[in-house]
Amino acid sequence: MDLTQQEWALQLAQDPDAVLLDVRTPQEWADGIIPGALQIDIYTGQAFVYKVDELDREKSYYIYCKAGGRSAQACSLMKQMGFTKTYNLLGGFMNWEGETSI
C-alpha cells in the first residue's frame, strides 16, 4: 500500500509490529538512513529474496528507497511471498522530512 510521507510516519509511529526496511544500495545508505531501518539492497536480486524470506511475515514492513519506485517493487514482491502488511513510502528518502542518521 502506498502512503504519503505524513501517513507513513504516523502509521509507523503507532504500529507496535513495525519494521523499517531500506531497499537502497550501500552507496545510497551513505547519504543517511531512517534510524532503525534494516538495509537490504533490492538490486542484489536473488540475495534480496533470500534475506526477505528470513523476515517475520506477521510484522508490518514500512519500506523506502530513494524515490519510491524500488520500494513499490519490494512491496509487490513481498506480497507475492506471503507478506500481508507492506507499506511503500511515496516520494522515498529524498522527500523524507523525519529524522535521519548516518
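Residues numbered from 1 in each chain as written. Predicted model: local features only at pLDDT ≥ 70, side-chain atom pairs only at ≥ 80, totals over all residues. Heavy atoms only, no water.

## A closer look at the sheet that holds strand S1 (residues 2–3)
Item 1. Pairing is parallel in the open sheet, where 5 strands are placed in the order S1-S5-S4-S2-S3. On the outer flanks of this sheet lie S1 and strand S3 (38–39), each paired with one strand and no other.
Item 2. For strand S2 (residues 18–22) and strand S4 (residues 60–64), the ladder comprises 5 bridges, and the chain directions are parallel. Of the residues in S4, the one forming a bridge with Leu20 is Tyr62.
Item 3. The sheet strands contacting helix H4 (residues 69–80) are S2, S4 and strand S5 (86–89), and the helix crosses S5 at an angle near 170°. (Pairing = 2+ DSSP bridges. Helix = DSSP H or I, 4+ residues; strand = E, 2+ residues; numbered from the N terminus. Contact = heavy atoms within 4.5 Å. Axes fitted to C-alpha atoms, helices over the stretch in contact; angles between N-to-C directions.)

## A few points about the nonpolar core
Generally speaking, a soluble globular protein has its nonpolar side chains buried in company with each other.
Item 1. Residues Val23, Phe48, Val52, Tyr61, Ile63, Met78 and Phe83 are the most contacted members of the largest nonpolar core, which totals 16 residues.
Item 2. Residue assignment for this core shows that the elements contributing at least two residues are S2, helix H3 (46–53), S4 and H4.
Item 3. Examining the composition of this core, we find that 3 residues originate from one element, H4, more than from any other.
Item 4. If we ignore the near neighbours within four places in the chain, the residues touching Phe83 are Val52, Leu55, Asp56, Arg57, Tyr61 and Met78.
Item 5. The next biggest cluster of nonpolar side chains, apart from the first, holds 14 residues, and it includes Leu3, Leu12, Leu20 and Ile34. (Core = buried A, V, L, I, M, F, W, Y, C linked by side-chain atoms within 4.5 Å. Buried < 20%, exposed > 50% of the residue type's maximum accessible area, 1.4 Å probe, protein only.)

## Here we look at H4
Item 1. Between its first and last C-alpha, H4 extends 17 Å over 12 residues, near the 16 Å set by a 1.5 Å rise per residue.
Item 2. Those residues of H4 lying buried are Arg70, Ser71, Ala74, Cys75 and Met78. Axial view of H4: buried residues confined to an arc of 145°, hence all on one face.
Item 3. Downstream of H4 by one or two residues, Gly82 has phi in the positive range, about 100°. (Expected span 1.5 Å × (residues − 1). Arc of directions from axis to C-beta.)

## Remarks on the side chain of Gln5
Item 1. Within the secondary structure layout, Gln5 lies in helix H1 (residues 5–14).
Item 2. A polar side-chain atom of Gln5 sits 3.2 Å from the main-chain carbonyl oxygen of Gly92. (Polar contact = N/O pair within 3.5 Å; in protein donor to acceptor, adjacent residues only side chain to side chain.)

## Regarding the packing of aromatic side chains
Item 1. Applying the stated criterion across every chain yields a total of 6 aromatic pairs.
Item 2. Judged by centre distance (6.1 Å) and plane angle (85°), the rings of Trp8 and Tyr64 are edge-to-face. Separated by 56 residues along the polypeptide, Trp8 in helix H1 and Tyr64 in strand S4 bring together distant segments of the chain.
Item 3. Relative accessible area serves as the criterion here: at 0%, Tyr64 is assigned to the buried category.
Item 4. Judged by centre distance (6.0 Å) and plane angle (25°), the ring pair of Tyr64 and Phe93 falls under stacked. Of the two residues, Tyr64 sits in strand S4 while Phe93 sits in the segment after S5, which places them 29 residues apart along the sequence.
Item 5. Given a relative accessible area of 14%, Phe93 falls into the buried group.
Item 6. Taken together, Trp8, Tyr62, Tyr64, Tyr87, Phe93 and Trp96 form an aromatic cluster joined through their ring pairs.
Item 7. Here the basic side chain of Arg24 rests over the ring of Phe93, its NZ or CZ set 4.3 Å away from the ring centre. (Phe/Tyr/Trp six-rings, centres within 6.5 Å; stacked < 30°, edge-to-face > 60°. Lys NZ or Arg CZ within 6 Å of the ring centre and 35° of its normal.)

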